[in-house]
Amino acid sequence: SKSQIKERSFHKKQKVDKPNRAHVKAKRKEMLDFRKQLPIYSGRDAIIKAIQDNPSVIVMGETGSGKTTQIPQFIKEAGMISDTLGGVAITQPRRVAAVNLAKRVAEETVTKLGGQVGYTVRFDDTSSSHTIIKYLTDGMLLREILSDELLLRYKVIVLDEAHERTLRTDMLFGMVKNIQKIRHEKLQKGEDIQELKIVVMSATLDAEKFSEFFDGAKILYVSGRLHPVDTYFTNEPQADYLDATLVSIFQIHTKNPHGDILVFLPGQEAIETLTGLVNDYAKQLKGKQQRLLPCPLFAALPPSQQQTVFNPAPKNTRKVILATNIAETSITIPGIKYVVDCGLAKMRGFNPKIGVESLLLHPISKSSAWQRTGRAGRERAGVCYRLYTEDTFRDLEDDTIPEIRRCNLSAAVLSLKASGIENVLEFDYMDRPSRISLVRALEELYALGAIDDTGKLSPLGRKMSEFPLDPAFSKVLIQSVDYGCTLEVIAIISLLSVDTIFFTPSDKRDQAAEVRRKFLHPDGDHLTLLNVLKGYWEVKGDIEWCKENFINIRNVKIALEVREQLVRFCERLDIPSQTTCGTETESVLKCFLTGFFQNTALLQPDGSYKTVTGNQIVKIHPGSAMFGKRVEGIMYNELVFTTKHYVRGVSAIQAAWLPQAAPKYFNNKTL
Ligand code: ADP
Ligand code: MG
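So, how was this worked out
Residues numbered from 1 in each chain as written. Chains lettered and ligands numbered in written order. Predicted model: local features only at pLDDT ≥ 70, side-chain atom pairs only at ≥ 80, totals over all residues. Buried ≥ 20, exposed ≤ 12 C-beta atoms within 10 Å, placed from the backbone. Helix = DSSP H or I, 4+ residues; strand = E, 2+ residues; numbered from the N terminus. Pairing = 2+ DSSP bridges. Axes fitted to C-alpha atoms, helices over the stretch in contact; angles between N-to-C directions. Contact = placed C-beta atoms within 7 Å. Near = placed C-beta within 6 Å. Core = buried A, V, L, I, M, F, W, Y, C linked by C-beta atoms within 7 Å. Parallel < 35°, antiparallel > 145°, perpendicular 65-115°, else oblique. Left-handed = near helix turned anticlockwise from the far one by under 90°. Nonpolar A, V, L, I, M, F, W, Y, C, P; charged D, E, K, R; others polar. pLDDT = per-residue confidence, 0-100.

Q: Would you mind showing me how to read helix α15 (residues 409-418) here?
A: An α-helix turns once per 3.6 residues; consequently, residues spaced three or four apart project the same way. In terms of burial, α15 is a largely internal element, 9 of the 10 residues being buried. For α15, every residue scored as buried is listed here: Leu-409, Ser-410, Ala-411, Ala-412, Val-413, Leu-414, Ser-415, Leu-416 and Lys-417. Gly-420 lies just past α15 and shows a positive phi near 90 degrees.

So this is what it looks like as structure tokens:
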């Protein structure tokens, strides 16, 4: 009966909820107290009002002032979002930031992650139908547009870390602006739809530019509390930044008063090496000295370990946080007094060799250097040690160049097309690439069969857009299933991704060429690379073997990492990655030709090679296995211009293969 049920449920609540309630209340108060002391809190009402009154708002504020964690909560507290109105999406360029921030905000709102607050990153989604504050990577929001064209599930889109100008964030600027316009027009026509609000957040002084792009959006400045930071440069350039970093850490530790150290390093490998070194040296410190605790922080760190950087250091211990540029603006760590900046970063970019998206080592920009310095002055005066000279600093770029200006546009255009942007020439870019580079990209995609003659994405093009590779390489990989040589193709693409897998000291050129002769394949570089890899695997990557054969072991290892990534991608896209043709090497070359038919040249009566598409004379690079050879035709991966047009990555082909490789492009007449 009814009363019984009531009693039972009452009983249940007492057991579970009641003791919890006091705890929740205490936690709420603790969190509110924390939030109230953040610099952004005093601007709460002004921020809410600005977002309510304007379609788009730009928020500029010092890192750590509370933009990313607080503004979504303000929006919710003001009743601007709900199940029915739509939620708020906050984009992050980095996966680890999206996950971390969602966790933090769930904690601050004293809710379970995946309830009101959640995150979505590739292969990991905690969001549910109740989630109204969602942190996600810029790539995931792009993907959501594919299935929810007008982003109807959201009332507010927050484009965070806008200053980083990643290709994906740049694409979102134009797309989200367009969606806002369409929703506005529909509303004007009396349709039942919500206006879309846009908030752009940035940590650097480029607010005007963002405001201009978003039709004169209102700019809000959040004043941070930045204390003075003394900045030091090295007198001499440092040959070994790891060594210089280690020395600096121990100098600070032994000579300077309390306060944690934040060290900026380029990547996981450097961080892990230094974590080991710091531990070793810290053991040798004398008795009374406070201890030194290294805490690594990088994208691939297991989430359970990420929390240690936020926890206060144990008693009589100094934390030294070894971080990538994650700690520059996207994640703030309390307690930092000293910053050590090695001046380098791995930047997400397209590996220009094969267009695979990868992390490349680069000197940072001036604005990054200042961001890093600023981390030392958040709570009190601090010190920053730059491990480079003042001259080096002066030569740094002012700002990081937007990715859209650096990367291969055929890949970007393909991804715009895949997101439903038909006219990529008229697309609203914040920094517009040149018209000619866009047209070239379209021509290339058409020749590859990724788009049809009306500019529409083909099924092949859609598949290609899923790969993190240049379109030509994506096509080769997809076609390799038909040619039965996926295993070979993946290996060759990976080996092409590094500068070279050979090691050729200038004083031992002839000797190196001589010992490597055994790898040479008569049909050229692609199959030669494969031979080297087979040799490398036979000896299980033996270091001595690599030395004897003048093989660059480091680059082979990097290439094998790319290979792992590609195998995983194939598995995800249901492409059988283990298909192999064994000894039938001709199919490998025919397969490569489906992507590189435009990079071909035919032998002329005078012994030169003339390109099929441009009627240009090209020379085979002296480093190529095909150097000095006369064959009917050649295919190449790269054209490099020095004093002559040299081609690299060259293999022999037959002219008769061309029409089969690209039936649309070649007919017998053009040949
Ligand atoms: P902004 O976006 O302006 O750089 P955030 O909203 O990311 O600032 O961070 C605001 C504050 O919240 C930081 O100063 C930091 O102290 C605190 N905070 C953020 N994430 C965490 C975390 N995971 N654990 C503890 N404190 C955090
Ligand atoms: Mg932030």
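Q: I would appreciate a short explanation of the sheet that holds strand β21 (residues 645-653) in the present structure.
A: Note: strands within a sheet are paired through backbone hydrogen bonds, in either parallel or antiparallel orientation. Strand order in the closed barrel formed by 5 strands is β17-β18-β19-β21-β20, and the pairing between neighbours is mixed. This sheet shows a mean twist of 50 degrees between the axes of neighbouring strands, independent of strand direction. Summarising the sheet, strand β18 (residues 609-611) and strand β19 (residues 617-620) pair through 2 bridges and their orientation is antiparallel. Following the sheet pairing, Lys-610 is matched in β19 by Ile-617. Its contacts with the sheet place helix α24 (residues 585-596) against β20 (633-641) and β21, and it is angled at close to 50 degrees to β20.

Q: Sorry, what's going on with the site of ligand 1 here?
A: Around ligand 1, 15 residues are found, and the nearest of them are Gly-64, Lys-67, Thr-68, Thr-69 and Phe-310. Looking at which element gives the most residues to the shell around ligand 1, the answer is helix α3 (residues 67-77), with 4 residues.

Q: Looking at this model, I keep getting lost on the nonpolar core. Mind explaining?
A: Among soluble globular proteins, nonpolar side chains are generally buried collectively. The biggest cluster of nonpolar side chains holds 165 residues, and the ones touching the most others in it are Val-88, Val-158, Val-199, Val-263, Ile-321 and Leu-322. The residues touching Leu-322, leaving out its near neighbours within four places in the chain, are Val-263, Leu-265, Ile-271, Leu-274, Thr-275, Pro-294, Cys-295, Pro-296 and Leu-297.

Q: Honestly, the environment of Met-347 in this entry has me stumped. Any pointers?
A: Following the sequence through the fold, Met-347 ends up in strand β14 (residues 344-350). In this structure Met-347 comes out as buried when scored by C-beta crowding, with 22 C-beta atoms within 10 Å.

Q: Would you take a moment to explain the packing of helix α8 (residues 241-255) against helix α9 (residues 268-283) for this structure?
A: Interaxial distance between α8 and α9 falls to 11 Å at its minimum, and their mutual angle equals 40 degrees. In terms of orientation, α8 lies oblique with respect to α9. Where α8 crosses over α9, the handedness of that crossing is right-handed. Note on element contacts: α9 touches α8 through Ala-270, Thr-273, Leu-274, Leu-277, Val-278 and Tyr-281, opposite Leu-242, Thr-245, Leu-246, Ile-249 and Phe-250. Within the contact of α8 with α9, the residues separate by chemical class into 9 nonpolar, 2 polar and no charged.

Q: What's the story with the environment of Lys-664 in this structure? I'm lost.
A: With respect to the helices and strands, Lys-664 occurs in the segment after α25 (658-661). Residue classification places Lys-664 among the exposed residues on the basis of 12 C-beta atoms within 10 Å. Counting along the chain gives 217 residues from Lys-664 to Ala-447, while the straight-line C-alpha distance between them is 7.5 Å.

Q: Is there a simple way to explain the confidence of the model for the protein chain in this structure?
A: Interpretation of this model should avoid reading the predicted coordinates in detail wherever pLDDT is low. When the pLDDT values of the protein chain are averaged, the result is 88; 93% of them are 70 or greater. Here residues 1-17 scores under 50 on pLDDT; set against residues more than four positions off or in separate chains, the count is 1 contact. Reported confidence for the predicted complex is 0.98 by ipTM and 0.74 by pTM.

Q: Please explain unusual backbone geometry as it appears in this structure.
A: When glycine is set aside, most residues are seen to have a negative phi, and most peptide bonds are trans. One non-glycine residue, Asn-316, lies in positive phi territory at about 55 degrees. Mapped onto the elements of the fold, Asn-316 is located in the loop between α10 (303-306) and β12 (317-323). Of note, Asp-574 is a non-glycine position whose phi angle comes to about 60 degrees, a positive value.

Q: How should I be thinking about the pairing of strand β13 (residues 336-341) in this particular structure?
A: The side chains of a regular strand alternate between both faces of the sheet. Most of β13 is tucked away, with 6 of its 6 residues classed as buried. Taken together, the 5 bridges between strand β10 (residues 260-264) and β13 define a ladder with parallel strand orientation. From the neighbouring strand, Val-263 faces β13, where its bridge partner is Val-340. As paired strands, β13 and strand β16 (residues 382-386) are joined by 4 bridges and run parallel to one another.

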